[in-house]
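Reading the structure
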Amino acid sequence: MSRILIVDDEPHLRLLYETELRRAGFETMTASNAVQGLEFVETMEPDLVILDIRMAGMDGIEAMQHIMERDQRVPVILNTAFSSYKDNYLTWAADAYLTKSSDVTELVETVKQVLEKQATAHG
Amino acid sequence: MIDEGAGRPEAEILSAAFYQSPLPLIVVADGGTVSAVSHEACALMGLSREELLGRSVNGYFLPQLPIGRCFELKECLDQRCRREMLPGRGDPIPVEILCRPFRVGSDEGEDLETEYNHCLLYISDTRKRDYEDELRAARVAKLSLLNQVSEALYGANLTLDQVLEAVLICITAGQGLRFNRAFLLLVDEEVGVMRGEIAIGPSDQDEAGRIWTDLSHQPEDLFSMMTSYDQSIKQTDAAVNAIVKTMSVSLSDHDNVLVRSMEERQAIRITPDMDLPGVAAIRQWLGCDCFAVAPLMTRSGILGAIIADNAISGQRITDLDLEFLQLFANQSASAIENSRLYTELERRLIDLRQAHQKQREHQETLLRMERLSVMGETSAIVAHELRNPLVAIGGFARALVRNLDQDDPNHRYAGIITEEVSRMETIIHDLLDFIRPQKLQRKVVVVDDLVTATVERFGGEIQAKGIELALDLQAGGAKVSCNPIEIQQVLQNFLVNAMQVMPEGGSIEVRTRQVTGGVQVEVCDTGPGIAENMSDKLFAPFFTTKPTGSGLGLTICQQIIKSHGGVVGVRNRTEKGAGFSFILPLPKDS
C-alpha cells in the first residue's frame, strides 16, 4: 500500500485530501508546513508527496528542490490555488502540477498515474 | 512830342485793359446798357464784346436786372443776387451777381454816396461752385462711410462671409458707392484662378425700384445696412449669385483686364467703346457694356477683385465713383485678409483645444487602465485566496453527497453546495485566465488552416452530440498575424456556445471571408438566436444565460480579439439561429 505525504498549511484541505486518498486505498500522513514535510520525507519515507506551494515559511517549490536533491527519488505533485505558478519554470520539475479543485477526483487520479509511472521506471 | 500810346484817349486804354481782366466783369451805365465788358464775361455769356457793348444788360438775366430802378432806389447796394443767365447759345446758366454801383462825371453839390450812374457786375457761374461743393460733401460723406465701414469690419467679429457681404452692401448701398450691382471674385492660389464668390444686386428694374425705396429709408451705419440687407435684398440675390458663380479668370492670363487691374493695383472703368482682353467675357457675364473693376490688394498680396456696374439704372460711372471704388476696395481687402487670418487663428485654436482634449483623454485612459490593473491584481489575489476555502467546502460537500442516503434531504442540499461551489470555481478559473497577462506570441498563419485545425479537434465532440458540422472557407489563403493558441481558444468558445444552445441537435457552419482590411471568421448555429435586448450584454463580464456559465467566456474572447486589433460581432441570422464572428486585421503591408 503506497504511502502519501500531504503537505498543506490549510488543515481542512489536509483533512479532505486524507479522507479522499484513504478512501482510494492509500495510506496518508500530513504535515502543516514545508519544514515539517521535509522532516517526514526523511523519517517516514513516503512513496509520494503532495505539496502545496504557497505556505508560510519555506514554500512548496523550495521544499520540492530539497526533495529532488535526495539520493532516493520521491515523486512530487504540486497542488496549488495559484494557477500562475504554472508559468514558473521551477515548477516544471514536478511530476505533476494541479490547480486545487473541490473535485478531488483529478488529484486521486494523478496520484495513481504518477505512482504507476514511478513503478514502471523502476521496473 | 507825342508818344503813340500816350496819344490814345484814356478811356480807350481803360476799356482795353478792362477787357483783359481775368474776372467775368460788366460795367453797366445808367439805363442798363453795357459800357464795358471783360473777356471772361463774354466767354461766360457766349457773346462777343461787340455784341454786348451798348446793349441793355437786363434781357440776359431772368428775372430781369432792374438796374435803372436800382440806381434810383439804391436797392442792391453791394448786394449779391442770384439769376438765371441766358447766354447767346445754349441753356440758361445759374449765376451769382455781385453789384458795385459807382458814379462817373460831375460831382458838383451832389451826394457821391447816393447818386450812382454806373454799376460794376461780377458774374460768377454757380454751377461750377455748386458742383464743387457737392463733390466736397460727397467726398466727406463717403470718406466718413469708408471710415465707419473699416472700423466696423475690423472691430466686429465678422466671419469671412459676413465681411464679403458687408463689402458688397457698401458698394451698392445708397449711402455707399451707389453701384447697382457688385460682384466679388477671390483668388484661389492653389489652382491659379480667380473665381466669383458672392454678388449683390437686383435682377431687374421692378426689383431695383422696390429695393431702392426700401433703402432710401435706411439708417447710415453699417450694421443697420446689413440688417436691412438681410431683410429686403437677400432674397433677390439669386440672379446675380448665379452669374457670379460662372465667373472665373486664370491668373496667368496677364492681359485680362481683371488680372491687369490687380497687377497694376489700379481700378479700371470700362466704357462701351473700350475693347480690352477679357472685357467681352465680363460683358457677357454682366449683360452690360459699362462696368468698373477694382483690385482687392493687401500688403501681402492679391486677394481678388470687385466688379461693379449700373446695369439697372444705366447711370454713368463717374471719376468719383471709380476713385471711391478703388479706395473702398483697398479698405475691404485689408478687412477680408483680417477676417481670413482671424478664421485661420480660430481654426488653429480649435485644433489646439482638440489636441489638448485628446491628450487629457489619453491621460484619463492611462489612469483608468492603471486603476484597472491594480483592480485586476487585487481580484487575482482575492480569487486565489478564495480557492482554498472553496476546495474544502466543495470537497466535503461531495463527500456528503457520496455518504448520504439518496432519500435523505441533506443529500440534495449537499448536492446543491457542490454545484454552487463548482460554479464559483469556474468563475475563479475564468477570472484568473482573464486577468493573467497574455504573452504576445504572434505568428503569421493562414486563417483557413487555423480554422480547419481547430474545427477538426472538436469535430468529433460536435458530431457526437448529433450536430451537423460544415465548413465554408472563403478567405482564400489570407494570412493574419496572431497568437494561434488564443485565436483557437476564441473559436473553441464560439463552438462550445453553439453546441450548448442546440441540445436537441442542429447544425453548425464555420465560415471565413475576406472583408475590408481583414478576415472574418463566423460560427453560425441553428439554435434559438439571441433575444433582442441581449446582444449588447453578451460580451459584458459576468453576463451569462447558462446555469453554470461564469459569464467570462465571451468577455475573454473579446479581450483576445481586441488585443489583436480586431472586433467581435454577433447577429441573428435571417434563416435561424445566431452567428458569432470576429474579424482579424490583415497585416499592414499586405
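The coordinates are above.
What this report covers is the structure whose coordinates are included nearby. (Residues numbered from 1 in each chain as written. Chains lettered and ligands numbered in written order. Predicted model: local features only at pLDDT ≥ 70, side-chain atom pairs only at ≥ 80, totals over all residues. Heavy atoms only, no water.)

With that settled, the discussion passes to helix α1 (residues 11-23) of chain A. The terminal C-alpha atoms of α1(A) lie 18 Å apart, and with 13 residues this matches the ideal 18 Å at 1.5 Å per residue to within 8%. Close packing links the buried residues of α1(A) with β1 (3-7), β2 (27-31), β3 (48-51), β4 (76-80) and α4 (105-121) of chain A together with α12 (319-403) of chain B. Following α1(A) by one or two positions, G25(A) has its phi on the positive side, about 100°. (Helix = DSSP H or I, 4+ residues; strand = E, 2+ residues; numbered from the N terminus. Expected span 1.5 Å × (residues − 1). Contact = heavy atoms within 4.5 Å.)

In this section: the packing of helix α2 (residues 34-44) of chain A against helix α3 (residues 60-69) of chain A. All names here are of chain A. Contact geometry of α2 with α3 gives a least axis separation of 10 Å together with a crossing angle of 15°. Regarding the angle of α2 to α3, the classification is roughly parallel. In terms of crossing hand, the pair formed by α2 and α3 is right-handed. Each of A34, L38 and V41 in α2 lies in contact with α3, whose residues at this interface are A63, H66 and I67. Partitioning the contact of α2 with α3 into residue classes produces 5 nonpolar, 1 polar and no charged. (Axes fitted to C-alpha atoms, helices over the stretch in contact; angles between N-to-C directions. Parallel < 35°, antiparallel > 145°, perpendicular 65-115°, else oblique. Left-handed = near helix turned anticlockwise from the far one by under 90°. Nonpolar A, V, L, I, M, F, W, Y, C, P; charged D, E, K, R; others polar.)

Remark: the centre distance and the inter-plane angle together describe each pair of aromatic rings, the angle taken between the planes. Residue and element names in this part refer to chain B. For the structure shown, the criterion picks out 2 aromatic pairs over all chains. Seen in terms of ring centroids, F494 and F582 are 6.0 Å apart; in terms of plane orientation they differ by 50°. Their pairing is tilted. Within this pair, whereas F494 is found in helix α15 (residues 484-500), its partner F582 is found in strand β19 (residues 578-585), the two being separated by 88 residues in sequence. Residue F494 shares its accessibility class with F582, and that shared class is buried. Through pairs of rings, three or more aromatic residues link up here, namely F494, F580 and F582. (Phe/Tyr/Trp six-rings, centres within 6.5 Å; stacked < 30°, edge-to-face > 60°. Buried < 20%, exposed > 50% of the residue type's maximum accessible area, 1.4 Å probe, protein only.)

The next subject is the side chain of R181(B). Residue and element names in this part refer to chain B. Within the fold, R181 resides in strand β7 (residues 181-188). The exposure class of R181 is buried, given its relative accessible area of 6%. Here D309 takes part through its side chain, which lies 2.8 Å from a polar atom of the side chain of R181. Not counting residues up to four positions away in its chain, the partners in contact with R181 are T172, I200, G201, P202, V240, I243, L286, C288, I307, A308, D309 and A311. (Polar contact = N/O pair within 3.5 Å; in protein donor to acceptor, adjacent residues only side chain to side chain.)

Looking now at the interface of chain B and chain A. In this complex, chain B contributes 17 residues to the contact, which on the side of chain A involves 20 residues. Taken together, the links from chain B to chain A amount to 3 salt bridges. A salt bridge links R402(B) to E20(A); the nearest nitrogen and oxygen atoms lie 2.7 Å apart. For the pair chain B and chain A, the number of links is 6 residue pairs in polar contact (both at pLDDT 80 or more). Looking at the side of chain B that touches chain A residue by residue, the class counts come to 7 nonpolar, 4 polar and 6 charged. (Salt bridge = Lys/Arg side-chain N within 4 Å of Asp/Glu carboxyl O.)

Time to look at the nonpolar core. All names here are of chain B. Within the largest apolar cluster, 38 residues are counted, with the highest numbers of intra-cluster contacts made by I508 and F582. Counting residues per element, the ones that place at least two in this core are α14 (447-464), β15 (479-482), α15, β16 (506-515), β17 (518-524), α16 (553-563) and β19. Looking at which element gives the most residues to this core, the answer is α15, with 7 residues. Judged by nonpolar contacts, the second largest core, of 34 residues, contains C170, L177, L296 and L303. (Core = buried A, V, L, I, M, F, W, Y, C linked by side-chain atoms within 4.5 Å.)

All names here are of chain B. Taking burial as the measure, the 8 residues of β19 include 6 buried ones, the bulk of the element. Where β17 and β19 come together, 7 bridges link them in antiparallel fashion. Paired with V519 across the strands is L584, a residue of β19. With 6 bridges joining them, strand β18 (residues 567-572) and β19 adopt antiparallel strand pairing. Across the sheet, N572 pairs through a bridge with A578, a residue of β19. From the end of β18 to the start of β19, which pair antiparallel, there are 5 residues, and G577 there has a positive phi angle of about 85°. (Pairing = 2+ DSSP bridges.)

That is the geometry; function is a separate question.
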